[in-house]
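Listed below are the residues making up each chain.
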Amino acid sequence: AQSVSQHNHHVILSEAASLELGCNYSYGGTVNLFWYVQYPGQHLQLLLKYFSGDPLVKGIKGFEAEFIKSKFSFNLRKPSVQWSDTAEYFCAVRDSNSGYALNFGKGTSLLVTP
Amino acid sequence: DAGITQSPRHKVTETGTPVTLRCHQTENHRYMYWYRQDPGHGLRLIHYSYGVKDTDKGEVSDGYSVSRSKTEDFLLTLESATSSQTSVYFCAISGGLQDTQYFGPGTRLTVL
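The present account deals with the structure reproduced in this document. A quick note: this is a predicted structure, and the numbers were derived from the prediction, not measured.

1. Some words on the sheet that holds strand S7 (residues 64-70) of chain B
Residue and element names in this part refer to chain B.
Turning to step 1, where the next piece is worked out: Taken in spatial order, the 4 strands line up as S1-S3-S8-S7 in an open sheet, and their pairing is antiparallel. Every interior strand has two partners, whereas the edge strands, strand S1 (4-7) and S7, have only one. The mean inter-strand angle of the sheet, taken between neighbouring strand axes irrespective of direction, is 20 degrees.
Turning to step 2, where the next piece is worked out: With 5 bridges connecting them, S7 and strand S8 (residues 73-78) associate as antiparallel partners. For Ser67, the partnering residue across the bridge sits in S8 and is Leu75.

Structure representation (structure tokens):
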């Protein structure tokens, strides 16, 4: 089954710093990739997704991700973080063998300090 | 937000008791999922459904059963709760391959 791994488990940044969170996937064929965000005490919300086409994907709240097939990567970026971006971020890949369920990475906890 | 509700939102129970969690959707989506979220593990799939009365196991299905008698409802049952099942449980829905998966608000279950 397809899987993803996230490199950074805890990240601390100051406001206005740039963000890049790493995500690598395991499958060499067609993949559907996602980034979700979970604010403290809340449910998961979709930030962005990649199915096909332009490898640079724009999401909500100023986030973007780049699909690089040669590197099996789908890193999340934001040029300038805000305190309100403090949250947990999950990369996920769709599993075609389990009713299109998602296989999630273990998550990256981001703390943005004022 | 997608129309997904979960009940109860919080539950404390004792080891050995049965527990049923309910997920209800108003989107008429075909696919429904139960995940559990644990620190250091991300979210892991417990069971999923691809239609009424059509369900299958996920990665961590041991100790759990599910039922889907109506499109809108997907029930997760812990037949005999154990402390290892203390977790936050999320329901999700999807229309299919090209559709986004939307998550419910979660149920925090504590098994003492």
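Moving on from the coordinates now.
2. Focus: the state of the cysteines
Turning to step 1, where the next piece is worked out: Going through the model one piece at a time under the given rule, you end up with 2 disulfides over all chains.
Turning to step 2, where the next piece is worked out: Each sulfur in the disulfide pair A:Cys23 and A:Cys91 lies 1.9 Å from the other. Taking the torsion about the sulfur-sulfur bond, which here is approximately -60 degrees, the covalent link between A:Cys23 and A:Cys91 counts as left-handed. Of this pair, A:Cys23 sits in strand S4 (residues 23-25) while A:Cys91 sits in strand S10 (residues 87-95), and the two are 68 residues apart along the sequence.
Turning to step 3, where the next piece is worked out: Exposure remark for A:Cys91: the relative accessible area of 0% places this residue in the buried category.
Turning to step 4, where the next piece is worked out: The disulfide that involves B:Cys23 links it to B:Cys91, with 1.9 Å between the sulfurs. Taking the sign of the S-S torsion, about -70 degrees here, the bridge from B:Cys23 to B:Cys91 comes out left-handed. One end of the pair, B:Cys23, is in strand S3 (residues 19-25); the other, B:Cys91, is in strand S9 (residues 87-94), with 68 residues separating them in the sequence. Each member of the pair, B:Cys23 as well as B:Cys91, is classed as buried.

Conventions adopted
Residues numbered from 1 in each chain as written. Chains lettered and ligands numbered in written order. Predicted model: local features only at pLDDT ≥ 70, side-chain atom pairs only at ≥ 80, totals over all residues. Heavy atoms only, no water. Pairing = 2+ DSSP bridges. Helix = DSSP H or I, 4+ residues; strand = E, 2+ residues; numbered from the N terminus. Axes fitted to C-alpha atoms, helices over the stretch in contact; angles between N-to-C directions. Disulfide = S-S within 2.5 Å. Buried < 20%, exposed > 50% of the residue type's maximum accessible area, 1.4 Å probe, protein only.

Don't take any of this as a statement about function, it's just geometry.
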